[in-house]
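Given next are the chains, with one letter for each unit.
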Amino acid sequence: MNIIFPIVGLERFIPKEELFPLVQSLPDGAEVVLLYDNANTYDRYSIQAWMELMVNGERKKTQVGFVSSDFAPMIRANFPHNNTLTAYVVHPDTGFPDEVCFEVEMELEQLVLPPMPIRIHLDPIANIPLPMTCPERQMMWRDIMDYSQTQITPEGVLALAQRSASLFGHGLSGDERTAYTLLSTMLAYVHGLWTDLSEAIVVQRLELDGLHREAFRTPEQCAHIIDEEMQAYQQSLNAFFDQYTAVLTSGLTTREREIDTHLQWLKDLPDNLYAWLNDKPTFASKLYYERFSMDELYAIYLHILCLDWLRAKGKRKLVVDDSLQQRIDNFAYWHPYATTREKRLAVQQMQDALSSKGKYPVADLAKAIKRLQGKQIIACGTIFVNFTSAINALLDTDIKSNSLAKHFRR
């Protein structure tokens with residue numbers, strides 16, 4: 001079967017004013033050389049795309065972009081012993097009229113699934129088994145993967161796409177990415193069979209591809225998804241944390257020992273992921289490109305949630321009455337993707353900084369604000385006087401703008 005996939009990232013290699021004319025002028029069948037980019041530090045599956053173009057009046061091989069990261073693992077799995085492949089420009093009716101990408105096709109002998117080796121320890125936490133993660137999504141991704149290895153029909157693919165539509169775009173796992181890639185590929189394939197269902201198949205593929213592109217387009221959008229996943233997951237963890245509380249209360253372990261254990265587990269994550277833990281957009285984007293299984297991804301979420309929970313057990317609890325909640329709601333400098341829980345924790349951290357026993361409480365507050373800014377929870381304004389006034393209203397205090405600014409800019 002033929003697989004159709006986008007070449008993206010053209011704006012990195014082609015001047016902006018030449019992008020649209022180039023994409024519009026590419027003829028069907030134009031050759032694109034695919035080169036495995038094994039030295040890429042951002043995506044282990046990266047594949048470069050090269051074409052012969054006119055550059056300064058001379059025809060030469062030029063890199064024009066990359067194979068879409070969704071499809072790169074599948075291509076590598078189908079051609080594991082190749083470093084260089086050839087694809088051909090195609091303008092299918094199911095494609096997007098997008099000036100920053102174009103589509104190519106190549107023939108596969110069979111639809112080989114990319115291997116997803118387990119790279120993270122999934123051991124119990126304090127001898128408590130890890131909770132089950134999103135069984136509905138797990139089963140749907142498995143159904144799509146299993147169906148791709150059977151006799152594919154337009155009716156079967158369309159029914160599968162319609163049944164799974166609401167589940168896409170809500171997770172950073174490699175399982176979801178693999179399921180999307182397979183489903184998009186199968187939709188493109190059965191559309192080419194030209195049946196009575198072709199129009200419905202076009203609509204379904206356009207909706208699926210559009211949702212996927214928009215959901216993960218930027219690191220900030222990935223950060224929003226990680227917030228959604230972790231919040232939903234946390235709501236299912238009451239039984240787990242009840243057991244964890246019982247273990248701590250019994251003296252089988254201590255809060256300090258468990259904090260050290262979770263920190264070490266996170267530090268042992270592959271590809272130095274721990275280094276980006278406090279930079280949520282970058283961390284979320286890197287998780288997306290790691291393509292962890294759902295079990296692995298949710299194990300990471302669980303260790304982070306456990307760490308927050310254990311640290312919170314050693315601190316006073318913030319009492320959020322109606323007055324404080326109103327001040328939180330009125331604070332104009334929250335990052336757009338900051339959750340209610342993050343906002344409340346941020347207020348507690350800033351209050352703790354001001355009430356600390358340090359010599360310069362305002363300096364401690366400035367450090368706390370900078371940490372919250374780095375975590376994409378607070379977005380400081382350009383007019384510092386206004387920002388300080390908002391902080392004073394939020395914390396019900398009276399800090400001088402020049403004093404906070406002095407420590408903040410150090």
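Quick note: structure is the one above.
In this text the structure is predicted, and so the values were computed from the model without any measurement.

Comments concerning the packing of aromatic side chains
In the structure shown here, the tally under the stated rule is 18 aromatic pairs. Ring centres 4.7 Å apart and planes at 40 degrees place the aromatic pair Trp 141 and Phe 168 in the tilted group. You can see Trp 141 sitting in helix α3 (residues 135–147) and its partner Phe 168 sitting in the loop between α4 (154–164) and α5 (174–191), a full 27 residues away along the chain. With respect to burial, Trp 141 and Phe 168 carry one shared label: buried.

Focus on the side chain of Thr 253
One can find Thr 253 in the loop between α8 (238–250) and α9 (255–267). Looking at Thr 253, its side chain comes within polar contact range of the side chain of Glu 258, at 2.8 Å.

A word on the environment of Thr 84
By secondary structure assignment, the location of Thr 84 is in strand β5 (residues 84–90). Other than its neighbours up to four places away in sequence, Thr 84 contacts Val 33, Leu 34 and Leu 35.

Looking at α3
If you check α3, its first and last C-alpha atoms are 18 Å apart, about what 13 residues at 1.5 Å a residue would give, namely 18 Å. Where α3 is buried, its residues touch α4, α5, α7 (219–234) and α11 (294–313).

Focus on helix α10 (residues 280–290)
In terms of residue burial, α10 counts as a mostly covered element, since 9 of its 11 residues are buried. Residues of α10 that are buried include every one of Lys 280, Pro 281, Phe 283, Ala 284, Ser 285, Lys 286, Leu 287, Tyr 288 and Glu 290, and no others. Buried residues belonging to α10 abut α5, α6 (198–215), α7, α11 and α13 (340–354). In the stretch just after α10, Arg 291 is the one whose phi turns positive, near 60 degrees.

What to know about the layout of surface pockets
Of the pockets and cavities examined, the largest pocket occupies roughly 1,600 Å³. In terms of lining, the largest pocket is formed by 47 residues, of which the most central are Asp 308, Trp 309, Arg 341, Leu 345 and Gln 349. Those elements that place two or more of their residues in the lining of the largest pocket are α7, α8, α9, α10, α11, α13 and α14 (361–374). The element best represented in the lining of the largest pocket is α13, accounting for 10 residues. Taken together, the residues of the lining of the largest pocket sort by class into 23 nonpolar, 8 polar and 16 charged. Reported here for the second largest pocket is a volume of approximately 940 Å³. Looking at the second largest pocket, it is lined by 31 residues, and the ones nearest its centre are Val 8, Gly 9, Ser 69, Arg 217 and Tyr 289. Elements supplying a minimum of two residues to the lining of the second largest pocket: β1 (2–8), β4 (58–67), α5, α6, α7 and α10. Among the elements that take part in the lining of the second largest pocket, α10 stands out by supplying 3 residues, more than any other. Class assignment for the residues of the lining of the second largest pocket results in 15 nonpolar, 8 polar and 8 charged.

Here's the deal with the nonpolar core
Note that soluble globular proteins tend to have their nonpolar side chains buried in a common cluster. Membership of the largest hydrophobic core comes to 95 residues, with the highest contact counts inside it found for Phe 5, Leu 34, Phe 102 and Leu 172. Here the element with the most residues in this core is α11; it accounts for 13 residues. Within the second largest apolar cluster, 29 residues are counted, among which are Val 347, Met 350, Ile 391 and Leu 404.

A look at the pattern of salt bridges
Where charged atoms from two side chains of opposite charge come close, those side chains can pair. Under the criterion given, the structure shown has 18 salt bridges. Residue Asp 271 pairs with Arg 119 through a salt bridge whose shortest N-O separation is 3.9 Å. Placement of Asp 271 in the loop between α9 and α10 and of Arg 119 in the loop between β6 (102–107) and α3 is noted, with a sequence separation of 152 residues between them. On the accessibility criterion, Asp 271 (46% relative accessible area) is partly exposed.

Some points on unusual backbone geometry
With phi around 50 degrees, Ala 126 is a residue other than glycine that occupies positive phi space. Given a relative accessible area of 24%, Ala 126 falls into the partly exposed group. Of note, Asn 272 is a non-glycine position whose phi angle comes to about 55 degrees, a positive value. Mapped onto the secondary structure, Asn 272 falls in the loop between α9 and α10. Taking the relative accessible area as the measure of exposure, Asn 272 reaches 60% and is therefore exposed.

Topic: the pairing of β1
Of all the 7 residues making up β1, 5 are buried; the element is thus mostly covered by neighbouring parts of the structure. Relative to β6, β1 runs antiparallel, the two being bridged by 6 bridges. In the strand pairing of β6, Pro 6 is matched with Glu 103.

Quick notes on the packing of α3 against α5
Relative orientation of the contacting elements α3 and α5 amounts to 40 degrees, with a least axis distance of 9 Å. Considering the angle they form, α3 stands oblique to α5. Where α3 crosses over α5, the two elements pack in a sense that is left-handed. Between α3, through Arg 137, Gln 138, Trp 141, Ile 144, Met 145 and Tyr 147, and α5, the contact on the second element is made entirely by Asp 175, Glu 176, Thr 178, Ala 179, Leu 182, Leu 183 and Met 186. For the contact of α3 with α5, the residue count by class is 8 nonpolar, 2 polar and 3 charged.

Brief notes about the side chain of Ser 184
In this structure, Ser 184 sits in helix α5. Among the polar contacts made by the side chain of Ser 184, one reaches the side chain of Asp 209 at a distance of 3.1 Å. Dropping the residues within four chain positions of it, Ser 184 is found in contact with Phe 71, Arg 205, Leu 208 and Asp 209.

About the criteria used
Residues numbered from 1 in each chain as written. Predicted model: local features only at pLDDT ≥ 70, side-chain atom pairs only at ≥ 80, totals over all residues. Heavy atoms only, no water. Phe/Tyr/Trp six-rings, centres within 6.5 Å; stacked < 30°, edge-to-face > 60°. Helix = DSSP H or I, 4+ residues; strand = E, 2+ residues; numbered from the N terminus. Buried < 20%, exposed > 50% of the residue type's maximum accessible area, 1.4 Å probe, protein only. Polar contact = N/O pair within 3.5 Å; in protein donor to acceptor, adjacent residues only side chain to side chain. Contact = heavy atoms within 4.5 Å. Expected span 1.5 Å × (residues − 1). 1 Å grid on protein atoms, 1.4 Å probe; cavity = no way out; pocket = protein on both sides within 12 Å on 5 of 7 lines; lining within 4 Å. Points joined across faces, edges and corners; volume = space filled by probe spheres on them. Nonpolar A, V, L, I, M, F, W, Y, C, P; charged D, E, K, R; others polar. Core = buried A, V, L, I, M, F, W, Y, C linked by side-chain atoms within 4.5 Å. Salt bridge = Lys/Arg side-chain N within 4 Å of Asp/Glu carboxyl O. Pairing = 2+ DSSP bridges. Axes fitted to C-alpha atoms, helices over the stretch in contact; angles between N-to-C directions. Parallel < 35°, antiparallel > 145°, perpendicular 65-115°, else oblique. Left-handed = near helix turned anticlockwise from the far one by under 90°.

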